[in-house]
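Structural characterization, general
Okay, here's what each chain looks like letter by letter:
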Number of protein chains: 2
Amino acid sequence: MEELYYVETQYYTFAHPPNELILESGEKLGPITLAYETYGELDKNKSNAILILHALSGDAHVAGYHKGDRKPGWWDNMVGPGKAFDTNKYFVICSNVIGGCKGSTGPSSINPATGKPYGLDFPVITIKDMVNAQRYLIDYLGIEKLLCVAGGSMGGMQVLQWTVSYPERVRSAIPIATASRNKAMQIAFNEVGRQAIMSDPNWNRGDYYDKTPPNTGLAIARMVGHITYLSEESMEQKFGRRLRQKEKYGYDFSIDFEVESYLHYQGLSFTQRFDANSYLYITKAIDYFDLANGYGSLFEAFSNSTHIKFLVISFSSDWLYPPSQSKEIVRALEANGIDVTYREIESSYGHDAFLLEAEEQTRIISSFLKYVYEEIK
Amino acid sequence: MEELYYVETQYYTFAHPPNELILESGEKLGPITLAYETYGELDKNKSNAILILHALSGDAHVAGYHKGDRKPGWWDNMVGPGKAFDTNKYFVICSNVIGGCKGSTGPSSINPATGKPYGLDFPVITIKDMVNAQRYLIDYLGIEKLLCVAGGSMGGMQVLQWTVSYPERVRSAIPIATASRNKAMQIAFNEVGRQAIMSDPNWNRGDYYDKTPPNTGLAIARMVGHITYLSEESMEQKFGRRLRQKEKYGYDFSIDFEVESYLHYQGLSFTQRFDANSYLYITKAIDYFDLANGYGSLFEAFSNSTHIKFLVISFSSDWLYPPSQSKEIVRALEANGIDVTYREIESSYGHDAFLLEAEEQTRIISSFLKYVYEEIK
């Protein structure tokens, strides 16, 4: 039997003066703590470090087990000894984003100015702000150049932002199931989720940390999210019109169908592990994301990234961040003469495929990393 | 200038004993009133009657103007003199569904047992129940055989149910942008809407008719619905990432993007014209819809409909009721040797296309109706 891989979350509080970050909005945030985990060993040239970025509801715990836990990290099928991100070869870092609720500074953290949780006094952050904060962590870890930055969904947005904000710190990049900008439909779904939270009377304008939190609104937001993470095909295969523990329709408004039960469960369990304000802040960061912002075009945004090797991955049934948006990225990279490999993986899992299609991703990613790593050895 | 076509809503209260309907659930409902409108003249053989069925939020006012109104009925581009459903040739009837809030008996109607609005005491109804009620209206109007039953979305479900429940009363049928059964993803979106309503404290278990209604929940339900009615392409064309009355991001949780403003407006205005309980009842009827229910298969459901001529219409970008579900209907009809024409109309409007693509639908539908009508003249 394979030995369990144990890991602990670590915390880095910015030590550099002035111990704060000037955000894209112009606001200041500080002090800042980042939760992160590392796996494997940094080689003596510090050339084998891979930074993995997580999606909306993710955290620093990308793989392995926390002591006492029965479930491993969120991408354990991809990160570990002998896996796609092979921790026998590479030093893997995963950092929780600012704005989150998994150990990094976010709206549920204590505001040093008041001694109480920030709530809505927390400034609105962007993907660029998340990446700026991570850069200090990478400095702290003494890594001048990352072998690779990789991640799916919002993690992929951070990957792209890294290649544009800090091209000199990145050798290669793997944006997965993502986009260079959030489109109208993606904004629309996020806004419905935010409205559900902010309409919950328990939200109380974000001031609920000593009261009952807005779990009902957060659960509805998560239900909407979950629909967009699946594909029509996978929902049909998984649930179809199967009834939940009944032979016929209930003719009332309780749960009739398996798919309803699934959504209720996903919504409810999410409220046990996520903060509603963080949901607001992180979805807003996603909506604000437009890599071309401040440049004339996406093409120009990549103009200083020409030395970076890209592997862009999308999934055929992902309708939240469809292959067409990955192809937009690929076209802008190619127009810059950048070394880019594009793979659209056939999958019925929808957007969730980046978490589930381990076999095909492992084949593609491990060979890409080998190619990138051998070049510098 | 074209003369405005004025019309008035009429009401039919079942006169036949026992003045009630036994519903699919086994419950009884009565007395029942149906709101309906008619357009054009019934010919002396009573052979030119067309019944139009409406979608979730529709009503009997399919075309023309109510006195004083500035906007016409919901399908005015398709119904009227010289239009697809040509009221110079055909006698058009449109009936509001039971369970609704537009003049037909529904949860906001007075419960004769209590003298107060039904609220949740209103029994859960199905598409079949809606059609059973309409059949009494058609009896009352003295029409033995309808030249055609036609409608989009939930209206299309009623069309299909008519051809199965009362095949002897129907010569032809035009189900548009619809399905023979509601699939998991469609149920999922409806359930999110219902949860948003039922989570609104003002819902008060459906008892709010003398209080503030659950407008916040209903608005969120409508926002979710609206996303599913559009296509990604049409949202991108219509809104993209355009900001609402601002030059740059607001860095707060008020409206930033045009698409957010559109959804807020759609949600809010819906609360002015629709009852939250009706939204619960009608979406439940849609979720329960499975034409094959009680038959071995969809093929067998149509086994008594072999004399009916079908025109099935879908739209390329409709992802709520995609062309694949129309094709399922077509295959089941063809397997019965039924005369069926199928048209998939190229459109970027998504599910809303059935309300917007008047030109192409007019061409197809008017020629189909001509063919059906000439055969019996």
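Residues numbered from 1 in each chain as written. Chains lettered and ligands numbered in written order. Predicted model: local features only at pLDDT ≥ 70, side-chain atom pairs only at ≥ 80, totals over all residues.

To continue, consider the overall build of chain A. Along the backbone of chain A there are 11 helices and 14 strands. Expressed along its principal axes, the backbone C-alpha trace of chain A runs to roughly 65 × 50 × 50 Å. When the 377 residues of chain A are sorted by exposure, 56% land in the buried category. Intrachain contacts of chain A at a sequence separation of at least 6 include 72% that bridge at least 24 residues. (Helix = DSSP H or I, 4+ residues; strand = E, 2+ residues; numbered from the N terminus. Buried ≥ 20, exposed ≤ 12 C-beta atoms within 10 Å, placed from the backbone. Contact = placed C-beta atoms within 7 Å.)

With that settled, the discussion passes to the nonpolar core. Ile50 and Ile52 of chain A together with Ile50 and Ile52 of chain B are the most contacted members of the largest nonpolar core, which has 244 residues in total. Excluding its chain neighbours within four sequence positions, the residues that come into contact with Ile52 of chain A are Val62, Val79, Phe85, Val92, Ile93, Cys94, Ala150 and Gly151 of chain A. (Core = buried A, V, L, I, M, F, W, Y, C linked by C-beta atoms within 7 Å.)

Quick look at the sheet that holds strand 8 (residues 91-95) of chain A now. Residues and elements named next belong to chain A. What the eight strands build is an open sheet, ordered 1-4-8-5-11-12-13-14; its pairing is mixed. Unpaired on one side and paired on the other, strand 1 (10-13) and strand 14 (340-345) mark the two borders of the sheet. Neighbour-to-neighbour, the strand axes of the sheet open up by a mean angle of 20°, direction not taken into account. Where strand 5 (residues 49-53) lies against strand 11 (residues 148-152), four bridges are found, and the strand directions are parallel. Among the inter-strand pairings, Leu51 is bridged to a residue of strand 11, identified as Val149. Each of strand 1, strand 4 (33-39), strand 5 and strand 8 is contacted by helix 1 (residues 127-140), which is oriented at about 50° to strand 4, the strand it contacts most. (Pairing = 2+ DSSP bridges. Axes fitted to C-alpha atoms, helices over the stretch in contact; angles between N-to-C directions.)

Listed as interface residues are 40 residues of chain A and, on the opposing side, 40 residues of chain B. Among the elements that line the side of chain A that touches chain B, the one with the most residues is helix 3 (residues 184-199) of chain A, at 12 residues. Residues that form the side of chain A that touches chain B fall into these classes: 24 nonpolar, five polar and 11 charged. (Nonpolar A, V, L, I, M, F, W, Y, C, P; charged D, E, K, R; others polar.)

Right, let's get into the environment of Phe253 of chain A. When you line up the elements, Phe253 of chain A lands in the loop between helix 5 (232-238) and helix 6 (258-271). In this structure, Phe253 of chain A is in contact with Arg194, Met198, Leu280 and Lys284 of chain B, ignoring residues within four places of it in sequence.

This part is about the relation of the copies chain A and chain B. When chain A is fitted onto chain B, the two copies agree to an RMSD of 0.0 Å after a turn of 180° and an axial shift of 0.0 Å. On the angle and the small slide along the axis, the relation comes out as a two-fold axis. The residues that chain A uses at the interface reappear at the interface of chain B in 100% of cases, marking a shared surface. (Least-squares fit on C-alpha atoms with pLDDT ≥ 70 in both.)

Residues and elements named next belong to chain B. Counting buried positions along strand 8 (residues 91-95) gives five out of five residues, so the element sits mostly inside the fold. Side-chain alternation along strand 8 places Phe91, Ile93 and Ser95 on one buried face and Val92 and Cys94 on a second face that is also buried. As defined by bridge partners, strand 4 (residues 33-39) adjoins strand 8 across four bridges and the pair is classed as antiparallel. Residue pairing in the sheet places Thr38 in a bridge with Ile93 of strand 8. Judged from the five bridges that link them, strand 5 (residues 49-53) and strand 8 form a sheet pairing that is parallel. Directly across from Leu51, in strand 8, lies its bridge partner Ile93.

Let us look at the environment of Val97 of chain B. Residues and elements named next belong to chain B. Within the fold, Val97 resides in the loop between strand 8 and strand 9 (110-111). With 39 residues separating them along the chain, Val97 and Gly58 place their C-alpha atoms 8.9 Å apart. Ignoring sequence-local partners within four residues, the contact set of Val97 consists of Ser104, Met130 and Ile282.

A few words on the packing of helix 3 of chain A against helix 6 (residues 258-273) of chain B. Following both chains from N to C, one finds helix 3 of chain A and helix 6 of chain B inclined at 50°, their axes separated by 9 Å at the closest point. With respect to helix 6 of chain B, the axis of helix 3 of chain A lies oblique. In this structure, helix 3 of chain A crosses over helix 6 of chain B, and the sense of that crossing is right-handed. Residues Ala184, Ile187, Ala188 and Glu191 of chain A of helix 3 of chain A form the contact with helix 6 of chain B, whose participating residues are Val259, Glu260 and Leu263 of chain B. Looking at the contact of helix 3 of chain A with helix 6 of chain B, its residues break down into five nonpolar, no polar and two charged. (Parallel < 35°, antiparallel > 145°, perpendicular 65-115°, else oblique. Left-handed = near helix turned anticlockwise from the far one by under 90°.)

This part takes up the packing of helix 3 of chain A against helix 4 (residues 215-229) of chain A. Residue and element names in this part refer to chain A. Following both chains from N to C, one finds helix 3 and helix 4 inclined at 165°, their axes separated by 7 Å at the closest point. Considering the angle they form, helix 3 stands roughly antiparallel to helix 4. Between helix 3 and helix 4 the crossing geometry is right-handed. Of the residues in helix 4, those in contact with Phe189, Val192, Gly193, Ala196, Ile197 and Ser199 of helix 3 are Gly217, Leu218, Ile220, Ala221, Val224, Gly225 and Thr228. The residue makeup of the contact of helix 3 with helix 4, split by class, is eight nonpolar, five polar and no charged.

Okay, the confidence of the model for chain A next. Looking at chain A, pLDDT values average 96 and 99% of them are 70 or higher. This prediction of the complex comes with two scores: 0.97 for pTM and 0.96 for ipTM. (pLDDT = per-residue confidence, 0-100.)

Glancing now at unusual backbone geometry. Note on backbone geometry: most residues besides glycine have negative phi, and most peptide bonds are trans. Residue Gly30 of chain A is joined to Pro31 of chain A through a cis peptide bond whose omega torsion reads -5°. Position of Pro31 of chain A relative to the elements: it lies in the loop between strand 3 (28-29) and strand 4. Positive phi, normally seen in glycine, also occurs at Lys46 of chain B, with a value near 55°. Tracing the sequence through the fold places Lys46 of chain B in the loop between strand 4 and strand 5. A residue is classified by how many C-beta atoms lie within 10 Å of it, and Lys46 of chain B, with 15 of them, is partly exposed.

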